[in-house]
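A structural walkthrough
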Amino acid sequence: VTWYTNDNMPAQDVSAQISSLSAHVNQAPLPQELKNRISSRLNRFAKMSSSTDVFDEVEHLANYIDWVTNLPWDKRSEDVLDLNRAKEILDKHHYGLADIKNRVLEFISIMKLNKERQGNIARAPILCFVGLVGTGKTTVAYSIAEALGRQIARVPFGGMGSALDLRGQSRVHPEAEPGQIIKAIKKAGTKNPVVLLDEIDRTADDARSSIMGVLIELLDPEQNHAFHDYYIDFSFNLSEVLFVTTANNTTNISTAVLDRLEVIQMPSYTDEEKITIGKSYMLPRVIEESGLPREVLVIQDEVWASVVRPLGYDAGMRTLERTIEGIARKVAREYVEGKLKQLTLTPENIKQYLPSY
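Report on the accompanying structure.

The rules behind these values
- Residues numbered from 1 in each chain as written.
- Predicted model: local features only at pLDDT ≥ 70, side-chain atom pairs only at ≥ 80, totals over all residues.
- Heavy atoms only, no water.
- Helix = DSSP H or I, 4+ residues; strand = E, 2+ residues; numbered from the N terminus.
- Polar contact = N/O pair within 3.5 Å; in protein donor to acceptor, adjacent residues only side chain to side chain.
- Contact = heavy atoms within 4.5 Å.
- Phe/Tyr/Trp six-rings, centres within 6.5 Å; stacked < 30°, edge-to-face > 60°.
- Buried < 20%, exposed > 50% of the residue type's maximum accessible area, 1.4 Å probe, protein only.
- Lys NZ or Arg CZ within 6 Å of the ring centre and 35° of its normal.
- Axes fitted to C-alpha atoms, helices over the stretch in contact; angles between N-to-C directions.
- Parallel < 35°, antiparallel > 145°, perpendicular 65-115°, else oblique.
- Left-handed = near helix turned anticlockwise from the far one by under 90°.

1. Side note on the side chain of Arg150
Position of Arg150 among the secondary structure elements: in the loop between α6 (137-148) and β2 (152-156). Separated by 3.1 Å, the side chain of Arg150 and the backbone oxygen of Asn192 make a polar contact. In contact with Arg150, not counting residues within four places along its chain, are Ser77, Asp79, Met111, Ala145, Asn192, Pro193, Val194, Glu240, Val241 and Leu242.

As structure tokens, then:
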């Protein structure tokens, strides 16, 4: 619900809006202390409703109420702790990566045992996937969320220039808004999502130390149960969040933050692994997304070496994905124009369909 006022609003309309806001707050599952704090301000504004000075104040408070009442203060998802299901999901999305898959399955096993014995979930390790661009760091985080049946929200750190981007800005500023962490929680809609802190090594140089300070609080189980966002101005419990982080390298990550992370190196892919991933994972997905009938495009085995290395060695998978997508686009156009009904790529014709980089 979005509430608003304007400078021409009559006093009785302001009073009606304050009453509506009060009812909305009373019905929302807010912490009682926060509910009392908001109600106190609304009561004060109600006494000032005949003053034109109160119009903007009510509008700002309405925006604040809209934020806090849409946060999942007591809403959580139920974890799916099925090892066979988790293994199927990991295998479906990722080829190889045995060590990483085993580490995820180990964690799920510990969660399951703790829930059966104690009725609660063990505190999650904070995994940090480190590797070159295109090695699958981000997609692993999404697979973990799917395996656990949790919602996921991503917080990009690339180029982040202020700790306030994470922490939010005080409401005394006219354009204030919550930080990226609270926004991620609201987007996820539960208080126990997977929150992906993506590329934490790529913050702006002049803001790195302050951002790392906020990260320490986020990732420390002794502190994150009462995370304080400056806009919300009330503690939010992040202890049930499963944080997953990624980085290209650990050089720019502070020692104190690294101490709270379990660093897992993402391997580079060999040509043989890329061929398997291209044939079994990427090509079927790209064909489906392009709208082509499955039988229209066939790539002979001896052609894959050229598809994998159009420009030479690349440790990641993004160039391969772009190459396959480029091939599919050209085939899709010729198919729509009626120039072909089926195409088999061979060493003789492959160069016609490789994209130009």
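What follows continues from the structure just given.
2. Quick notes on the packing of aromatic side chains
For any pair of aromatic rings, geometry is given as the distance between the ring centres together with the angle between the planes. Counting across every chain of the model gives 3 aromatic pairs. Taken together, a centroid distance of 5.0 Å and an interplanar angle of 50° make the contact between Trp73 and Phe236 tilted. Of the two residues, Trp73 sits in the loop between α3 (54-69) and α4 (83-93) while Phe236 sits in strand β5 (residues 235-236), which places them 163 residues apart along the sequence. Across this residue pair, the class does not change: Trp73 and Phe236 are buried. Here a set of aromatic residues connected by ring pairs shows up, and it is made of Trp73, Phe234 and Phe236. Here the guanidinium or amino end of Arg167 rests over the ring plane of Tyr230, the centre of that ring lying 5.5 Å away.

3. Digging into the packing of α4 against α6
The interhelical angle for the contact between α4 and α6, taken along N-to-C directions, is 150°, at an axis separation of 9 Å. As far as their axial angle goes, α6 and α4 are roughly antiparallel. Both α4 and α6 take part in a crossing whose hand is right-handed. Along the contact surface, α4 presents Arg85, Ala86, Ile89, Leu90, Lys92 and His93, while α6 presents Ser143, Glu146 and Ala147.

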